[in-house]
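Okay, here's what each chain looks like letter by letter:
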Amino acid sequence: MRPLIHPSVDDITVEAILHALSDPVRVAIFAQVVGSDCTQSCSDFANLVKRGIPKSTLSQHFKVLREAGLIRSERLGVEMHNTSRCAEVERRFPGLITAITKAHQIQSGRNPGGGRAAKGR
């Protein structure tokens, strides 16, 4: 198996982060990883959208997130487990991930403070 690429914190760029999060499926994956208290396996995301996501497409999404420095992936047997690298990214770019996740919550209709956001504005 090929080794997994995880950039060092110093090699993480804003451009790579924004590119990785420019896809709605990747944003949803990242939001779920960030919001979880434990590692997430790739199979946890197979039904993220109504029609399901093929494994090869999921693998590509995780690769983009990993190579942007947003997640750390670890092979455990036949599964890949993913965790957020938010703390590392926060040290490099203070406030960036918080702003992006809050914007995603607002856009998806969830109020960052909890509950549903008001629609129509």
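For the structure given in this document, a descriptive report is provided here. What you see is a predicted model, and the numbers here were worked out from it, not measured in a lab.

The rules behind each value
- Each chain has its residues counted from 1, running along the sequence as written.
- Totals for whole chains, interfaces and linings use all residues, but because this is a predicted model, local features are given only for residues with pLDDT of at least 70 and pairs of side-chain atoms are given and counted only at 80 or more.
- Note that water and hydrogens are dropped before the side-chain values are worked out from all heavy atoms of the structure.
- Categorising residues by exposure relies on relative accessible area from a 1.4 Å probe, with only protein chains included: less than 20% of the type maximum marks a residue as buried, more than 50% marks it as exposed, and the intermediate range marks it as partly exposed.
- Per the convention used, a helix needs a DSSP run of H or I reaching at least four residues, while a strand needs a run of E reaching at least two, with both numbered from the N terminus.
- Comment: arc refers to directions from the helix axis out to C-beta atoms.
- Residues adjacent in sequence count toward polar contacts only when both atoms are side-chain atoms; beyond that, a polar contact is any pair of N or O atoms within 3.5 Å, and within protein one must be able to donate a hydrogen and the other to accept it.
- Note on geometry: axes are C-alpha line fits, over the in-contact stretch for helices, and angles between N-to-C directions span 0 to 180 degrees.
- For this classification, under 35 degrees means roughly parallel, over 145 means roughly antiparallel, 65 to 115 means roughly perpendicular, and everything else is oblique.
- Note on definitions: a residue-residue contact is assigned when non-hydrogen atoms from the two residues lie within 4.5 Å.
- Residue classes follow a fixed rule: Ala, Val, Leu, Ile, Met, Phe, Trp, Tyr, Cys and Pro count as nonpolar, while Asp, Glu, Lys and Arg count as charged, and any other residue, Gly among them, counts as polar.
- Take the residue count of a helix, subtract one, and multiply by 1.5 Å to get its expected span.
- The term salt bridge refers to a pairing of a side-chain nitrogen on Lys or Arg with a carboxyl oxygen on Asp or Glu at a separation within 4 Å.
- Any two strands with at least two DSSP bridges between them are considered paired.

Listed in full, the buried residues belonging to helix α2 (residues 24–34) are Arg26, Val27, Ile29, Phe30 and Val33. All buried residues of α2 fall inside an arc of 160 degrees around its axis, so they share one side. Between a side-chain oxygen at the N-terminus of α2 and the backbone nitrogen of valine 25 the separation is 2.8 Å; the capping residue is aspartate 23.

Each pair of packed helices gets described by two things: the angle between the helix axes and the distance between those axes. Two elements in contact, α2 and helix α3 (residues 55–67), have axes separated by 10 Å at closest approach and are oriented at 70 degrees. Taken together, α2 and α3 sit at an angle that is classed as roughly perpendicular. Of the residues in α3, those touching α2 at Val25, Arg26, Ile29 and Phe30 are Leu58, His61, Phe62, Val64 and Leu65. Of the residues that constitute the contact of α2 with α3, the class distribution is 7 nonpolar, 1 polar and 1 charged.

On to α3, then. What sets the pattern is the α-helix's 3.6 residues per turn: residues three or four places apart point alike. Between the first and last C-alpha of α3 there are 18 Å, a value that for 13 residues agrees with the 18 Å anticipated at 1.5 Å per step. Considered for burial, the residues of α3 that qualify are Leu58, His61, Phe62, Val64, Leu65 and Arg66. Next to the buried residues of α3 lie α1 (14–20), α2, β2 (71–76) and β3 (79–84). Immediately beyond the C-terminal end of α3, within one or two residues, lies glycine 69, with a positive phi of roughly 90 degrees.

A separate point is the pattern of salt bridges. In total, this model carries 2 salt bridges according to the counting rule given. For the salt bridge of glutamate 88 with arginine 72, the shortest nitrogen-to-oxygen distance reads 3.8 Å. Note that glutamate 88 is positioned in helix α4 (residues 86–92) and arginine 72 in strand β2, a separation of 16 residues in sequence. Accessibility expressed as a relative area gives 19% for glutamate 88, which makes it buried. When salt bridges that share partners are traced, they join Arg72, Arg85 and Glu88 into one network.

Read from one edge of the open sheet, 3 strands run β1-β3-β2, paired in antiparallel fashion. Where the open sheet ends on each side, the last strands, each with one partner, are β1 (40–41) and β2. Across 2 bridges, β1 lies against β3 in antiparallel orientation. If you follow serine 41 over to β3, its bridge partner there is histidine 81.

What follows deals with the pairing of β3. With 6 bridges connecting them, β2 and β3 associate as antiparallel partners. Bridge pairing links glutamate 74 to histidine 81 in β3. Counted along the chain from β2 to the antiparallel partner β3, the turn is 2 residues long, and its residue glycine 77 has a positive phi close to 70 degrees.

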